[in-house]
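# Summary of the model geometry
As a plain string of letters, each chain reads:
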Amino acid sequence: MGKIIVITGASSGFGKATAELLASKGHTVYGVSRRGGADGAIKQVQGNVRDAAQMRSIVAEIAEREGRIDVLINNAGMGIGGALELATPEEIDLQMGTNFMGCVNMCQAVLPVMRRQGYGKIINLSSIGGVMGLPYQGFYSASKFAIEGFSEALAAEVKVFGISVSMVEPGDFATGFTASRRNSEATLQDRSYGPIFRRSLSLIEKEENGGLKPEVLAKRIAHIVDCRRPAMRYVVANLEQWASVALKRIIPGRWMVNILKDYYKC
Ligand SMILES: NC(=O)c1ccc[n+]([C@@H]2O[C@H](COP(=O)([O-])OP(=O)(O)OC[C@H]3O[C@@H](n4cnc5c(N)ncnc54)[C@H](OP(=O)(O)O)[C@@H]3O)[C@@H](O)[C@H]2O)c1
């Protein structure tokens, strides 16, 4: 039977590819994003995940119309590049508010529906930046580390209600993410950080633009949607990035800092 699926950030990148694939498999897919989009195979709803009240009313409307929500995929996100020291309160709020609070808002909106029905599946988009602190993407990493801790705790709290929580940790992919990144003007203009940031940033952008196609990730998410007992974490990355995640979990922290510092040329 087709599932009722809500996915945030379905107007671009992973969200769009995943929503299209799931719809093609016969599921009913609602996409939530600020741009929305024409209603085709995906039922597009306009909304900002930062707005908790708006997310509650969108979810209530979908639950009322469909009678249930089987799967929530928290995918909406963006990145801010720059030195941690120079980030403004607005930049930090935008980063944490979109990536972390956006995920929290959707979970809090959907959980009462899933608890009532006695089952459900939540899939949260983390990143390999949620496993290791990426230089010059520090608040992005912080937002994904927050998702990791939140998701792990949530999984333990809601298992008793028949709800599973999984995380997807992608490496570099070619999506709209790179063009949408907000780069800190203060860092770019800074005499000490500026030149290092530019060097790191051009490497980050090159890796992302040459990254895997979003359809690769969409297939993995579709597998999680279909499988009976999903795992807690799925690393989806090229071999080098996949190995770096495995390494991070066993080597001393100081070594990892040196590896990241050398890799990002900072
Ligand atoms: N690309 C990568 O290399 C990579 C790697 C690891 C993890 N990720 C994660 O994957 C997720 C998807 O990113 P992507 O690579 O597919 O980037 P993308 O192509 O830029 O897509 C981001 C999506 O998030 C939506 N979004 C952003 N802010 C929103 C808000 N406030 N409210 C509602 N929707 C919002 C955007 O839609 P609107 O602009 O229409 O709102 C868009 O649909 C993100 O969580 C990202 O952190 C990406």
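Our subject is the structure listed above.
Description of the structure in this document.

What counts and how
Residues numbered from 1 in each chain as written. Predicted model: local features only at pLDDT ≥ 70, side-chain atom pairs only at ≥ 80, totals over all residues. Heavy atoms only, no water. Helix = DSSP H or I, 4+ residues; strand = E, 2+ residues; numbered from the N terminus. Rg over C-alpha atoms; globule rule 2.2 N^0.38 Å. Buried < 20%, exposed > 50% of the residue type's maximum accessible area, 1.4 Å probe, protein only. Contact = heavy atoms within 4.5 Å. Areas by Shrake-Rupley, 256 points an atom, 1.4 Å probe, with all protein chains shown as cover. Lys, Arg positive; Asp, Glu negative; His and termini not counted. Charge placed at Lys NZ, Arg CZ, Asp CG, Glu CD. Near = heavy atom within 4 Å. Polar contact = N/O pair within 3.5 Å; in protein donor to acceptor, adjacent residues only side chain to side chain. Nonpolar A, V, L, I, M, F, W, Y, C, P; charged D, E, K, R; others polar. Pairing = 2+ DSSP bridges. Axes fitted to C-alpha atoms, helices over the stretch in contact; angles between N-to-C directions. Phe/Tyr/Trp six-rings, centres within 6.5 Å; stacked < 30°, edge-to-face > 60°. Salt bridge = Lys/Arg side-chain N within 4 Å of Asp/Glu carboxyl O. Patch = residues over 30% accessible without salt bridge, like charges linked within 9 Å, V, L, I, M, F, W, Y side chains within 5 Å.

### Regarding the overall build of the chain
Summing up its helical and strand segments, the chain has ten helices and nine strands in all. For 266 residues, the compact-globule formula gives about 18 Å, and the C-alpha radius of gyration of the chain, at 18 Å, lands near that figure. Expressed as lengths along the three principal axes of its C-alpha atoms, the size of the chain is roughly 55 × 35 × 30 Å. The burial tally for the chain puts 50% of its 266 residues in the buried class. For the chain, contacts bridging at least 24 residues in sequence account for 71% of all contacts bridging at least 6. For the chain, the accessible area works out to roughly 12,700 Å², and carbon and sulfur atoms hold 54% of it. Charge centroids of the chain, computed over 32 positive and 25 negative side chains, lie 5 Å from each other.

### Quick notes on the site of the ligand
Close contacts around the ligand come from 29 residues, with S12, R34, N48, Y140 and T175 the closest. Between the ligand and G9 there is a distance of 3.0 Å, counted from an oxygen atom to a backbone nitrogen or oxygen. Within the side chain of K144, one N or O atom sits 2.9 Å away from an oxygen atom of the ligand. Here the ligand, which alone exposes 880 Å², has 96% of that area covered by the protein. Within the residue set of the shell around the ligand, elements represented by two or more residues are α1 (13–24), α4 (138–158) and α5 (177–180). Among the residues forming the shell around the ligand, the class breakdown is nine nonpolar, 16 polar and four charged.

### Re the sheet that holds strand β2 (residues 28–33)
Within the open sheet, the seven strands sit side by side as β3-β2-β1-β4-β6-β7-β9. Their pairing is parallel. Both edges of this open sheet fall to β3 (42–46) and β9 (233–236), since each of them pairs with a single strand only. In this sheet, neighbouring strand axes are inclined to one another by 20° on average, regardless of whether the strands run parallel or antiparallel. Bridge count between strand β1 (residues 4–8) and β2: five bridges; the pairing is parallel. Following the sheet pairing, I4 is matched in β2 by T28. Packing of helix α2 (residues 52–66) onto the sheet brings it into contact with β1, β2 and β3, and relative to β2 it is tilted by some 165°. Helix α8 (residues 214–226) contacts β1, β4 (71–74), β6 (120–125), β7 (163–170) and β9 of the sheet and is inclined by roughly 155° relative to β6.

### Description of unusual backbone geometry
In this structure, Y136 takes a positive phi of about 65° despite not being glycine. Take Y136: it is sitting in the loop between β6 and α4.

### So, the packing of aromatic side chains
Enumeration over the complete set of coordinates arrives at six aromatic pairs. Ring plane angle 85° and centroid distance 4.9 Å describe the contact between F14 and F173, whose orientation is recorded as edge-to-face. In this pair, F14 sits in helix α1 while F173 sits in the loop between β7 and α5, placing the two residues 159 residues apart along the sequence. Accessibility expressed as a relative area gives 16% for F14, which makes it buried.

### Quick notes on the pattern of salt bridges
Using the criterion set out here, one finds nine salt bridges in the structure. Residues D70 and R68 are paired through a salt bridge, measuring 3.1 Å at the closest nitrogen-oxygen approach. By relative accessible area, which is 8% here, D70 ends up buried. Connected through shared salt-bridge partners, E148, E152, E169, R233 and R249 make up one network.

### Concerning the pairing of β4
What you see with β4 is no split at all: V71 and I73 on one side and L72 and N74 on the other are buried throughout. Inspection of the sheet shows β4 paired to β6 by four bridges, in the parallel sense. Residue pairing across strands places L72 opposite I122, the latter belonging to β6.

### Here we look at a nonpolar patch on the surface
Among the surface-exposed residues, L247, I250, W255 and I259 lie close enough to one another that they form a single nonpolar patch of about 420 Å² accessible area. As for its position among the elements, W255 is in helix α10 (residues 253–263).

### Side note on the environment of L201
As for its position among the elements, L201 is in helix α7 (residues 193–209). On a C-alpha basis, the gap between L201 and D70 in space is 39 Å, while along the polypeptide they are 131 residues apart. Apart from residues lying up to four places away in sequence, L201 is in contact with R181 and N183.

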